[in-house]
Structure formats: C-alpha cells, structure tokens
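Overview (structure and organization)
Below are the chains, spelled out letter by letter.
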Amino acid sequence: MTDTPKNQTLVMGQLLQMRDKLIAKRHLIPANCLSQWAELEKETSVFDPANQGQLSHSGKAMLTKHSLFRGNITDLMSLVDQLRQLNSQIKITAH
C-alpha cells in the first residue's frame, strides 16, 4: 500500500477501531498478553484525541490539528496487524 494521505487515513481508521475494541475488552486480555497490550497501548496512545496536540490557525486559515505520530503507512499497518493478533487471542465466553 502506498503512503498517501488517503491510505494513511484508512489504515489509521482501522487502527483506531482495533484499539477501541481492545480497550473495551482489556479486562479479558490473558495474563500472558498483558505486557504486549501495555506496549501496544503505549505505542497507539498518540492517536487519542486528548494527545493530538493543540489546534493552530492563522487569520482566516483552516484549523489544523497536528498528529504526534511520526511513522509511515508501513508502521501503521504493522500496528494494526499487532492489534488484530492480540484481539484474536482474546476469548469471550457466554455465561
């Protein structure tokens, strides 16, 4: 996949969806995966809206919120794959 703004946005959306799923199921993460989750949570914390920095503008220019993420599309795809792998290790049982 090429490193274009549109592709980055699509992969970032996938990353945010997987991260949100794992945050919702964090209490079900197996003990042997907790260190992996802690690392992934730390790596993806830059995508939290609260961590996105300040809005900036000048005059009538459009507002811009700068991202703290400094990777490329390959880095994003790797994070998505790691989140998916961790998600696949979580088993939900019906009571």
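This text follows the structure it describes.
Residues numbered from 1 in each chain as written. Predicted model: local features only at pLDDT ≥ 70, side-chain atom pairs only at ≥ 80, totals over all residues. Heavy atoms only, no water.

1. A closer look at the environment of Met12
Put simply, the rule reads: Each helix is a run of DSSP H or I of at least 4 residues and each strand a run of E of at least 2, with the numbering of both proceeding from the N terminus. Only protein chains enter the accessibility calculation, which uses a 1.4 Å probe. A residue is then buried if its area is under 20% of the maximum for its type, exposed if over 50%, and partly exposed in between. In what follows, a contact means two residues having at least one pair of non-hydrogen atoms within 4.5 Å.
Tracing the backbone through its elements, the reader meets Met12 in helix H1 (residues 5–24). Here Met12 falls in the partly exposed class, since its relative accessible area comes to 26%. The sequence separation of Met12 and Phe47 amounts to 35 residues, and the corresponding C-alpha distance is 8.5 Å. Setting aside residues no more than four positions away along its own chain, Met12 makes contact with Phe47 and Leu76.

2. Quick look at H1
For the record, the criterion: Residue count minus one, scaled by 1.5 Å, sets the expected span of a helix.
Here H1 is 20 residues long and its end C-alpha atoms lie 28 Å apart, about the 28 Å a rise of 1.5 Å per residue gives. Close packing links the buried residues of H1 with helix H2 (34–44) and helix H3 (73–88).

3. Notes on the environment of Asn87
By secondary structure assignment, the location of Asn87 is in helix H3. For the pair formed by Asn87 and Leu22, sequence separation is 65 residues and the distance between their alpha carbons is 6.5 Å. Leave out the neighbours within four places in its chain, and Asn87 touches Met18, Leu22 and Lys25.

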